[in-house]
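Geometric and topological summary
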Amino acid sequence: MRIVFAGTPETAVPSLEALIASRHDVVAVVTRPDARAGRGRTLAASPVAQVAERHGIEVLKPATPSDPEFLDRLREIAPDCCPIVAYGALIRRAALDIPEFGWVNLHFSVLPSWRGAAPVQRSIMAGDEVTGASVFSLTEGLDEGPVLGVITELVRPEDTAGTLLERLAVEGSRLLVDALDHIEDGDIGVQQQDEELVSLAPKLTTEDARVVWNRPAFAIDRHIRGCTPAPGAWAELGDLRVKIEPVTIAEESTLEPGQIVFGKKEVRVGTTTTDVVLGTVRPHGKKPMAAADWGRGLTDPAGYLS
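Residues numbered from 1 in each chain as written. Predicted model: local features only at pLDDT ≥ 70, side-chain atom pairs only at ≥ 80, totals over all residues. Heavy atoms only, no water.

A short note on the pattern of salt bridges
The final tally for this structure, using the stated rule, is 21 salt bridges. A salt bridge links Arg-167 to Asp-159; the nearest nitrogen and oxygen atoms lie 2.8 Å apart. Considered together, Arg-167 and Asp-159 belong to a single accessibility category, that of buried residues. A salt bridge links Arg-268 to Glu-266; the shortest N-O distance between them is 2.7 Å. A relative accessible area of 34% places Glu-266 in the partly exposed class. (Salt bridge = Lys/Arg side-chain N within 4 Å of Asp/Glu carboxyl O. Buried < 20%, exposed > 50% of the residue type's maximum accessible area, 1.4 Å probe, protein only.)

A look at the packing of aromatic side chains
Counted by the stated rule, this structure contains one aromatic pair. Here Arg-32 stacks its cationic end above the ring of Tyr-87, 6.0 Å away from the centre of that ring. The residue whose ring lies beneath Arg-241 is Trp-234, and the NZ or CZ to ring-centre distance is 3.6 Å. (Phe/Tyr/Trp six-rings, centres within 6.5 Å; stacked < 30°, edge-to-face > 60°. Lys NZ or Arg CZ within 6 Å of the ring centre and 35° of its normal.)

Details of the packing of helix α1 (residues 13-20) against helix α6 (residues 161-185)
Across the interface, α1 lies against α6 with an axial gap of 8 Å and an inter-helix angle of 40°. Viewed along their axes, α1 and α6 adopt a mutual orientation that is oblique. The crossing of α1 and α6 is right-handed. Here α1 contributes Pro-14, Ser-15, Ala-18 and Leu-19 to the contact with α6, which in turn contributes Ala-169, Val-170, Ser-173, Leu-176, Val-177 and Leu-180. (Axes fitted to C-alpha atoms, helices over the stretch in contact; angles between N-to-C directions. Helix = DSSP H or I, 4+ residues; strand = E, 2+ residues; numbered from the N terminus. Parallel < 35°, antiparallel > 145°, perpendicular 65-115°, else oblique. Left-handed = near helix turned anticlockwise from the far one by under 90°. Contact = heavy atoms within 4.5 Å.)

Section: the nonpolar core
Counting 34 residues, the largest nonpolar core has Phe-5, Leu-19, Val-26, Val-29, Phe-108 and Val-135 as the members making the most contacts within it. When contributions to this core are tallied by element, the ones reaching two or more residues are β1 (2-7), α1, β2 (25-30), α2 (47-54), β7 (103-107), α5 (119-125), β8 (130-137) and α6. Contact partners of Val-26, with chain neighbours within four places excluded, come to Ile-3, Phe-5, Leu-16, Leu-19, Ile-20 and Ile-57. In this structure, Cys-227, Ile-260, Val-281 and Leu-305 belong to the second largest nonpolar core, which totals 27 residues. (Core = buried A, V, L, I, M, F, W, Y, C linked by side-chain atoms within 4.5 Å.)

This is the structure:
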C-alpha cells in the first residue's frame, strides 16, 4: 500500500524504520513543526523528520493536521492508509476520511486500558504486572476505535517508563507492520473495545510526579519509576527540591513515612511499609549525584521529605 506515516518523537522512529523496510511504500511523513531543543534552544526537526529526510521521503509539518493546505496535499498524495504513532495532535474527520483504509494508530497499552497520552507511565504507577501495545482504527474519540491487533509485555521490576517504552516501541513496530499487511490482504480481524473496562492515562504534570511518602514502599517505587525519565519524581527537604531517580526497597522498616536518614554509604527514607534506599538524586540547579554525596553537601542533613 501507499502509506503516509504520522509521528514525532524517538518513540515513533522504530515504526517508521520498520515500515520503510516493509513491503509498503512510505510516500510521505507527517510530523510536528520544528521545535526548540537543547541548551542553545535552537530549532530542530523531530526525530521522525530526521529519519524521513535521510531516506529522501517527503516531510509535511503542518501547524495542525486540519490546515487546508495540508489536507489538499494529503488528497494529492492519495495514500491507501495512514499509520500513526505518537504524532502529538488530534486528527479530525476531514483528514480521517482521506485514506481508503483510514488511519491506524499504534498505542502503548492493551486497550481499552490506559487511553490517553501517558499509558506506559500510568501503567507502571498503577502497579500493573503486564502491559502491551495495541493497533486500532483511529476515530475522533480518545483511543476508542476498534482494535486490530495486540501484543503483551511483562513489566519488569527494574523498568522505568523510559525503558519499557523503548521495548514497546520496537515490539509495537512489528505489530503495526503486521496489521498493515493484513489490511492489504483483506483478512484483518476487528475487536470492538469494551467501554466498561476503560481506564484513562492523562499526561503527567509536575505535581503528579511529587512523591507521597505516606504510601507503601512498592507504590512509591512504582511511582518514581513511572515518572522516570519525565517529568521526573521529586520531593522537598525543607525548602530544597530534589528529583529522585529509582529507589531500592529495603527489607526492614526503621523510619517514619517521609523521614530521611543520611548514612555514609546510603540514604534511607521511610514509608508505611519498609524503608526505601535512594539511588541517584538531582538537587535543583545541579547535576545528578549519588544520594550520599547530596547529603554530605547539606548543612542540616536530617528531617522529613514531603
